[in-house]
Amino acid sequence: MTAQVCLIITIALYLVMMIVVGIIFSKGNEDTGDFYLGGRKLGPFVTAMSAEASDMSSWLLMGIPGLAYISGLADPFWTILGLALGTYLNWLFVAKKVRKQTEILGAITVPEYFSKRFGDKKNILTCISALIIVVFFIPYTASGFAACGKLFNTLFGVNYLLAMVVSAIIIALYCTMGGFKAVCTTDLIQSICMTIALLIVILFGINQAGGLDAVIDNAKDLPGFFSITSVHDATTNSASPYSAITAISMLAWGLGYFGMPHILIRFMAIGNVNKIKTSRRVASVWVVISMAVALLIGIVGLGMSATGVIPTFNNTADSERVIIHIANLMSSYGLFPAIIAGLILAGILAATMSTADSQLLASASAISSDLIQTFFGKKLSDEVSVKVAKITVVLISVIAIFIARDPNSSVFSIVSFAWAGFGAAFGPVVLLALFWKRSTKEGALAGMITGAIVVFLWKYVISGLGGAFAIYELLPAFIIALIVNVIVSFCTKAPKEIVEKLS
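Below, the structure is looked at part by part. Just so it is clear, the model here is predicted, and its values are computed rather than measured.

**As for helix H14 (residues 322-330)**
- With respect to burial, H14 is a largely interior element, seven of its nine residues being buried.
- What H14 keeps buried is the set Val322, Ile323, Ile324, Ile326, Ala327, Leu329 and Met330.

Here you go:
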């Protein structure tokens, strides 16, 4: 049996398993509460692993290794530190309060929570937040589809567009069949696959590179590679200063967690609020270990390139495929290694699919529940509402496929922009809604719109000025949105009825 046949069979079995999960849970979606939130019955372990698997996405196994391979330790180190802190603080301060408040208010989506929390009877907050979810989640989902296309194109020479479309169909299929329960169950399976993939790649890669000492010595010879205050320039083989502004930009990734709809929805769905501490510990430990190992894969991959066992990559778009090349090399060593390589590739698919399915479900709820029913007042039965949600998943998938049609797009760059959008638009609103009773619906609306607009302006206009303005758009947008929210809240009437209900 050839290596490619083994890879194809292993990956095919994995994809079939995901569809089977969707079929199993398809009978448990009798209403929108089940389809979008799983009836608030998630266990602590599933909640933790589902939240982090949906968070990590394809950039865990492709983006971080690619960054480390090209530029060294600095960029991924500061990013990982920011994300680790953001993960822990989000579980520590936000999870429990979100779970309690959304249950008291009867909210099953993030936009619905915003309107009910601030007493917005016209549901303007629902409308705006739903639109923001759609605007930023579609390109985020597209990045996941693109990662799948890159995977099959690199491995089997399959047409990128065809591979990407087939992957999107499978993701949309189990998502529409099983809803939230299927998504969370597949996320748990996918997080396990990701963990196995990371560990095997490291062990195999170190062996192929000539041992850990050889890997470290190779990286040490590259100027600035092992520094967190300088960055390695592969084109000139020199070190460039890594400014404090850039480090702060990478740390700012942690702020994004407070506004991520697909993570907040996990907090809302946990069955026992007293088990959140367990979920926090599991999630925090897994995130730190998985990201650290992903960084190491980039360094090991560079060592493998130095020995000539895998190609040398000269740009980020190519270096993001390093783990794919490592798995492909492993598959040439016989039947069992080929099966293991297939599991590694399934892990890459898992990282992609676990985020894309969550984004599709969140986008579907934003359109079918928050926009069509809540804002426009089109009352639908539970059966019809679930059908509309499923149709919405398909439509969003089609749009994401169109956006991801370019095989040269960088997974990391697309994710970073979408992450900034949610972090700045929703993060300040969530924090003030939970911890400041004086926050008003006018303040929330002003802050939400400001955050989204500043992300676009900073990314495409202001950052071009260079210097201090080249900072990651999430940080200035988050700060400005927070300030606007507070100022407008002070200038408008303080809420009473809702605050008393939540006290």
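**Considerations on a nonpolar patch on the surface**
- The grouping of Leu81, Leu85, Tyr88, Leu89, Leu92, Phe93, Leu251 and Phe435 at the surface amounts to a nonpolar patch, some 650 Å² of accessible area in total.
- The biggest single contributor to the nonpolar patch is helix H5 (residues 74-105), with six residues.
- Counting through the fold element by element, phenylalanine 93 comes out in helix H5.
- Accessibility expressed as a relative area gives 43% for phenylalanine 93, which makes it partly exposed.

**Details of the pattern of salt bridges**
- In total, this model carries two salt bridges according to the counting rule given.
- Where arginine 99 meets glutamate 103, a salt bridge forms, and the shortest distance between an N and an O atom there is 2.8 Å. With arginine 99 and glutamate 103 both in helix H5 and four residues apart, the pair spans about one turn of that helix.
- The exposure class of glutamate 103 is partly exposed, given its relative accessible area of 48%.
- Ionic pairing is found between lysine 116 and glutamate 112, a salt bridge with its closest N-O pair at 3.0 Å. Of this pair, lysine 116 and glutamate 112 both sit in helix H6 (residues 110-117), four residues apart, which is roughly one turn of that helix.
- For glutamate 112, a relative accessible area of 16% corresponds to the buried category.

**Details of the nonpolar core**
- Core analysis: the biggest nonpolar cluster contains 145 residues, and Phe114, Phe145 and Trp419 have the highest contact counts within it.
- Considering every element that reaches this core, the biggest residue donor is helix H7 (residues 124-156), with 18 residues.
- Once residues lying within four places of it in the same chain are set aside, the contact partners of phenylalanine 114 are Leu125, Ser129, Phe426, Val429, Val430 and Met448.

**Some remarks on the packing of helix H12 (residues 276-307) against H14**
- Contact geometry of H12 with H14 gives a least axis separation of 10 Å together with a crossing angle of 60°. For the element pair H12 / H14, the angle class is oblique. For the crossing formed where H12 meets H14, the hand is left-handed. Side by side, H12 and H14 meet where Ile297, Gly301 and Met304 of the first sit next to Val322, Ile323, Ile326 and Leu329 of the second.
- In terms of residue class, the contact of H12 with H14 is made up of six nonpolar, one polar and no charged.

**Quick word on the environment of leucine 434**
- On the secondary structure map, leucine 434 appears in helix H17 (residues 411-435).
- Classification of leucine 434 as buried rests on a relative accessible area of 6%.
- Sequence-wise, leucine 434 and valine 94 are 340 residues apart; in three dimensions their C-alpha atoms are separated by 7.6 Å.
- Excluding anything up to four places from it in sequence, leucine 434 contacts Val94, Lys97, Val98, Gln101 and Tyr113.

Reading the values: the criteria
- Residues numbered from 1 in each chain as written.
- Predicted model: local features only at pLDDT ≥ 70, side-chain atom pairs only at ≥ 80, totals over all residues.
- Heavy atoms only, no water.
- Buried < 20%, exposed > 50% of the residue type's maximum accessible area, 1.4 Å probe, protein only.
- Helix = DSSP H or I, 4+ residues; strand = E, 2+ residues; numbered from the N terminus.
- Patch = residues over 30% accessible without salt bridge, like charges linked within 9 Å, V, L, I, M, F, W, Y side chains within 5 Å.
- Areas by Shrake-Rupley, 256 points an atom, 1.4 Å probe, with all protein chains shown as cover.
- Salt bridge = Lys/Arg side-chain N within 4 Å of Asp/Glu carboxyl O.
- Core = buried A, V, L, I, M, F, W, Y, C linked by side-chain atoms within 4.5 Å.
- Contact = heavy atoms within 4.5 Å.
- Axes fitted to C-alpha atoms, helices over the stretch in contact; angles between N-to-C directions.
- Parallel < 35°, antiparallel > 145°, perpendicular 65-115°, else oblique.
- Left-handed = near helix turned anticlockwise from the far one by under 90°.
- Nonpolar A, V, L, I, M, F, W, Y, C, P; charged D, E, K, R; others polar.

Function-wise, these values are silent; they only describe arrangement.
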